[in-house]
Amino acid sequence: GSSAPADGATTQGSPAEIIAVFSEPLRADGSGITLRDAAGTTVATGQLDPADPSRLIIADVPDLAPGEYEARWTAASDDGHLVRGTWAFTVELAPTATPAPTAAPTASAPPTEAPFPSPAPSGDGDEPTAGTADVLIPIIAGLAVVVIAAGLLMGRRDRTSPPA
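For clarity, every value in this text was computed on a predicted model and none was experimentally measured.

Basis of the calculations
Residues numbered from 1 in each chain as written. Predicted model: local features only at pLDDT ≥ 70, side-chain atom pairs only at ≥ 80, totals over all residues. Heavy atoms only, no water. Helix = DSSP H or I, 4+ residues; strand = E, 2+ residues; numbered from the N terminus. Buried < 20%, exposed > 50% of the residue type's maximum accessible area, 1.4 Å probe, protein only. Contact = heavy atoms within 4.5 Å. Core = buried A, V, L, I, M, F, W, Y, C linked by side-chain atoms within 4.5 Å. Pairing = 2+ DSSP bridges. Phe/Tyr/Trp six-rings, centres within 6.5 Å; stacked < 30°, edge-to-face > 60°.

Enquirer: Hey, could you run me through the overall build of the chain in this one?
Expert: The helix and strand inventory of the chain stands at one helix and eight strands. Each helix (α) and strand (β) of the chain, taken in turn from the N terminus, gives the series β-β-β-β-β-β-β-β-α. Within the span of the chain, comprising 164 residues, buried residues form 22% of the whole. Excluding contacts between residues fewer than 6 apart, the proportion of contacts in the chain whose partners are at least 24 apart in sequence is 54%.

Enquirer: How do you make sense of the nonpolar core when you look at a structure like this?
Expert: In a soluble, globular protein the nonpolar side chains are often hidden away together inside. In this structure, I18, I33, L35, L56 and W87 are the most contacted members of the largest nonpolar core, which totals 19 residues. A per-element tally of this core places strand β7 (residues 67-76) first, with four residues.

Enquirer: What should I look at first to understand unusual backbone geometry in this one?
Expert: Peptide bonds are mostly trans, and most non-glycine residues show a negative phi. In this structure, P5 follows A4 across a cis peptide bond, with omega equal to -10°. By the secondary structure assignment, P5 is in the loop between β1 (2-4) and β2 (10-12).

Enquirer: Is there a simple way to think about the pairing of strand β8 (residues 82-92) in this case?
Expert: For a regular strand, the rule is simple: side chains alternate between the two faces of the sheet. Relative to β8, β2 runs parallel, the two sharing three bridges. In the strand pairing of β8, T11 is matched with V91. For β7 and β8, the ladder comprises ten bridges, and the chain directions are antiparallel. Bridge assignment links A71 to a residue of β8, and that residue is W87. Between β7 and β8, which pair antiparallel one after the other, the connecting turn spans five residues, and G80 there sits at a positive phi close to 95°.

Enquirer: I'm lost on the packing of aromatic side chains in this one. Help?
Expert: Any pair of aromatic rings gets described here by the distance separating the centres and the angle formed by the planes. This structure, assessed with the given rule, holds two aromatic pairs. Between F22 and W73, the ring centres sit 4.9 Å apart and the planes meet at 70°, which makes this aromatic pair edge-to-face. You can see F22 sitting in the loop between β3 (18-21) and β4 (32-37) and its partner W73 sitting in strand β7, a full 51 residues away along the chain. F22 sits in the buried class, given a relative accessible area of 17%.

In structure tokens, the structure reads:
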């Protein structure tokens, strides 16, 4: 038999279907297929393909996270034999097209939130511009920390002078 995805294969995103193909027709009762993630949790189940009794199929494959998966099948043949097997494949992130921006911010913060006026955006407005406040506030905060630290160090030095 064969399988799709093939044993050891790597897929880009979730496969559309998971199929195990056998050399002879199977019985519906006793035949089935499950898909398990790396933790052993069953994430999808399937059955005998109604269009082809020599195939087991998971037709509704959920979105699979990247990782390793194992398909486990049980095949019941007309002569009463019951056979089990597994195969594994890996799912990688599917390449995605650049999504269209939905609710991305297109302007800088309103002037009421900034103590300094923001410059008008240049160009066609697609790129956010940093306002004066966005640049000056971190610089002022950094300088304040340095001044406070220096003041504390100088104050300690005066108090710990050696006795005369």
